[in-house]
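These are the residues of each chain, in order.
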Amino acid sequence: MTKTSTSKTNVNLPIQNMFQSTTDNESDAEIDLFYDQIKSKLDGLIKNPSDDTIKRILTYSKTK
């Protein structure tokens, strides 16, 4: 028979100082730069359907 046990100390856990905060200024700057690069492309995705298109969609949805 094999005996197993669990340690009450956190021997296998990494030290808290090893983790870097994800909200540091460098990460924020990278996110802002990325957003600025794709902003114009995101604006191009905006669609303004005509009233006729909306009417056809609503009519179709009521028939199903």
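Report follows, based on the coordinates. The model shown is predicted, which means the values in this text are computed figures rather than measured ones. (Residues numbered from 1 in each chain as written. Predicted model: local features only at pLDDT ≥ 70, side-chain atom pairs only at ≥ 80, totals over all residues. Heavy atoms only, no water.)

## Digging into the overall build of the protein
Tallying secondary structure elements over the protein gives 2 helices and 0 strands in all. Accessible surface computed for the protein: about 7000 Å², of which carbon and sulfur atoms make up 56%. (Helix = DSSP H or I, 4+ residues; strand = E, 2+ residues; numbered from the N terminus. Areas by Shrake-Rupley, 256 points an atom, 1.4 Å probe, with all protein chains shown as cover.)

## Quick notes on the pattern of salt bridges
On inspection of all chains with the given rule, the structure shows 1 salt bridge. A salt bridge links Asp 52 to Arg 56; the nearest nitrogen and oxygen atoms lie 3.4 Å apart. Of the two residues, Asp 52 and Arg 56 are both situated in helix 2 (residues 51-63); the distance of 4 residues between them amounts to about one turn of the helix. Overall, Asp 52 belongs to the partly exposed group, its relative accessible area being 45%. (Salt bridge = Lys/Arg side-chain N within 4 Å of Asp/Glu carboxyl O. Buried < 20%, exposed > 50% of the residue type's maximum accessible area, 1.4 Å probe, protein only.)

## Points about a nonpolar patch on the surface
A contiguous nonpolar patch, built from Tyr 35, Leu 42 and Leu 45 and spanning about 300 Å² of accessible area, is present on the exposed surface. In this fold, Tyr 35 is placed in helix 1 (residues 25-43). (Patch = residues over 30% accessible without salt bridge, like charges linked within 9 Å, V, L, I, M, F, W, Y side chains within 5 Å.)

## Points about helix 1
Between its terminal C-alpha atoms helix 1 stretches 26 Å, which fits the 27 Å expected from 19 residues at 1.5 Å a residue. Of all bends in helix 1, the biggest is about 40°, found at Gln 37. (Expected span 1.5 Å × (residues − 1). Bend = angle between axes of the 7 residues up to and from the residue.)

## Focus: helix 2
With 13 residues, helix 2 extends 19 Å between its outermost C-alpha atoms, agreeing within 8% with the 18 Å of an ideal straight helix rising 1.5 Å per residue. Counting buried residues in helix 2 gives 0 out of 13 residues, a small share hidden from the surface.

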